[in-house]
Amino acid sequence: MTNYHLVILKKPYLDAILAGQKRIESRLSKTKPYTFGRVLAGDKLFLKESSGPVCATAKVTAVRNFDNLTPKQITEIKQRYNHDIIGSDEYWRSKSNCRFGFLVWLEDVKSIEPVRINKKDWRAWVVLTEKEDFGLLKPDTVKEAQ
């Protein structure tokens, strides 16, 4: 079964994904996020600019989950994957004490006609459900950009 996700991104990271430079989305946190283990290869993502519209889609090709991370392991993740994550040194410093995380490999990234949604909470990643899909799963809501 394919799951659908709404992923909120800061503009520079979203732009890098759209340009094909950023091929891995990383999510690292001090506490276990509810999305941990719920993102699977084959899932579909709706990419939304922070404070902006949903403007792209992508497919998940692989996921790697990390549990009980140490600062040394965070450094190893940076060294191994940052060429596709494109995190700044500041980003990695801010994540040095995170204990949980997951990496999501992206492919088939497509720009879509911008879709404004009514999302007011602080969640940066939402697993979409029938009850909470922000209208994104309705037919004809998402159209590829021309």
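Here goes a summary of the coordinates provided. (Residues numbered from 1 in each chain as written. Predicted model: local features only at pLDDT ≥ 70, side-chain atom pairs only at ≥ 80, totals over all residues. Heavy atoms only, no water.)

### Concerning the pattern of salt bridges
Turning to step 1, where the next piece is worked out: Scanning the model with the defined rule gives 11 salt bridges in all.
Turning to step 2, where the next piece is worked out: With its nearest N and O atoms 3.3 Å apart, the salt bridge here joins Lys22 to Glu25. Taken individually, Lys22 and Glu25 each receive the classification buried, so the pair is uniform in this respect.
Turning to step 3, where the next piece is worked out: Notably, a salt bridge pairs Arg27 with Glu25, separated by 2.7 Å at the nearest N-O pair.
Turning to step 4, where the next piece is worked out: In this structure Arg27 comes out as buried when scored by relative accessible area, which is 16%.
Turning to step 5, where the next piece is worked out: If you follow the salt bridges from partner to partner, you end up with Lys119, Asp121, Arg123 and Glu132 in one network. (Salt bridge = Lys/Arg side-chain N within 4 Å of Asp/Glu carboxyl O. Buried < 20%, exposed > 50% of the residue type's maximum accessible area, 1.4 Å probe, protein only.)

### A few points about the pairing of strand E5 (residues 100-115)
Turning to step 1, where the next piece is worked out: Bridging between strand E2 (residues 24-29) and E5 involves six bridges; their strand directions are antiparallel. Note on E5: the bridge partner recorded for Arg27 is Phe102.
Turning to step 2, where the next piece is worked out: When strand E4 (residues 54-66) meets E5, the two strands line up antiparallel, connected through 10 bridges. Opposite Lys59, over in E5, you have Glu107 as the bridge partner. (Pairing = 2+ DSSP bridges. Helix = DSSP H or I, 4+ residues; strand = E, 2+ residues; numbered from the N terminus.)

### Brief notes about the sheet that holds strand E1 (residues 4-9)
Turning to step 1, where the next piece is worked out: Pairing within the open sheet is mixed, and its six strands lie in the order E2-E5-E4-E3-E1-E6. Only two strands of the sheet have a single partner each, and these edge strands are E2 and strand E6 (125-127). Across the sheet, the mean angle from the axis of one strand to that of its neighbour is 30°, orientation sign disregarded.
Turning to step 2, where the next piece is worked out: Relative to E4, strand E3 (residues 44-49) is paired through five bridges, and the arrangement is antiparallel. Its bridge partner being in E4, Lys44 is matched across the sheet by Lys59.
Turning to step 3, where the next piece is worked out: Those strands touched by helix H2 (residues 71-85) are E2, E4 and E5, and its axis lies near 150° from that of E2. (Axes fitted to C-alpha atoms, helices over the stretch in contact; angles between N-to-C directions. Contact = heavy atoms within 4.5 Å.)

### Regarding the nonpolar core
One broad trend across soluble globular proteins is that nonpolar side chains are buried collectively.
Turning to step 1, where the next piece is worked out: By size, the foremost hydrophobic cluster in this structure holds 15 residues, and its most contacted members are Leu45, Leu47, Val104 and Trp125.
Turning to step 2, where the next piece is worked out: Sorting the residues of this core by element identifies E1, helix H1 (11-18), E3, E4 and E5 as the ones contributing at least two each.
Turning to step 3, where the next piece is worked out: In terms of residues, this core owes the most to one element, E4, which gives four residues.
Turning to step 4, where the next piece is worked out: In contact with Val104, other than residues within four places in its own chain, are Arg23, Ile24, Glu25, Val39, Leu45, Val60, Ala62 and Trp125.
Turning to step 5, where the next piece is worked out: Formed by 12 residues, the second largest nonpolar core is a distinct cluster that contains Phe66, Leu69, Tyr81 and Cys98. (Core = buried A, V, L, I, M, F, W, Y, C linked by side-chain atoms within 4.5 Å.)

### What to know about the environment of Leu28
Turning to step 1, where the next piece is worked out: Tracing the sequence through the fold places Leu28 in strand E2.
Turning to step 2, where the next piece is worked out: Filtering out sequence-adjacent residues up to four positions away, Leu28 remains in contact with Leu69, Ile74, Tyr91, Trp92, Lys95, Cys98, Phe100 and Gly101.

### Remarks on unusual backbone geometry
Turning to step 1, where the next piece is worked out: Of note, Ser51 is a non-glycine position whose phi angle comes to about 65°, a positive value.
Turning to step 2, where the next piece is worked out: Tracing the chain through its elements places Ser51 in the loop between E3 and E4.
Turning to step 3, where the next piece is worked out: For Ser51, a relative accessible area of 74% puts it in the exposed group.
Turning to step 4, where the next piece is worked out: With a phi close to 55°, Asp108 is a non-glycine residue in the positive phi region.
Turning to step 5, where the next piece is worked out: With respect to the element layout, Asp108 can be found in strand E5.
Turning to step 6, where the next piece is worked out: Its relative accessible area of 45% is what places Asp108 among the partly exposed residues.

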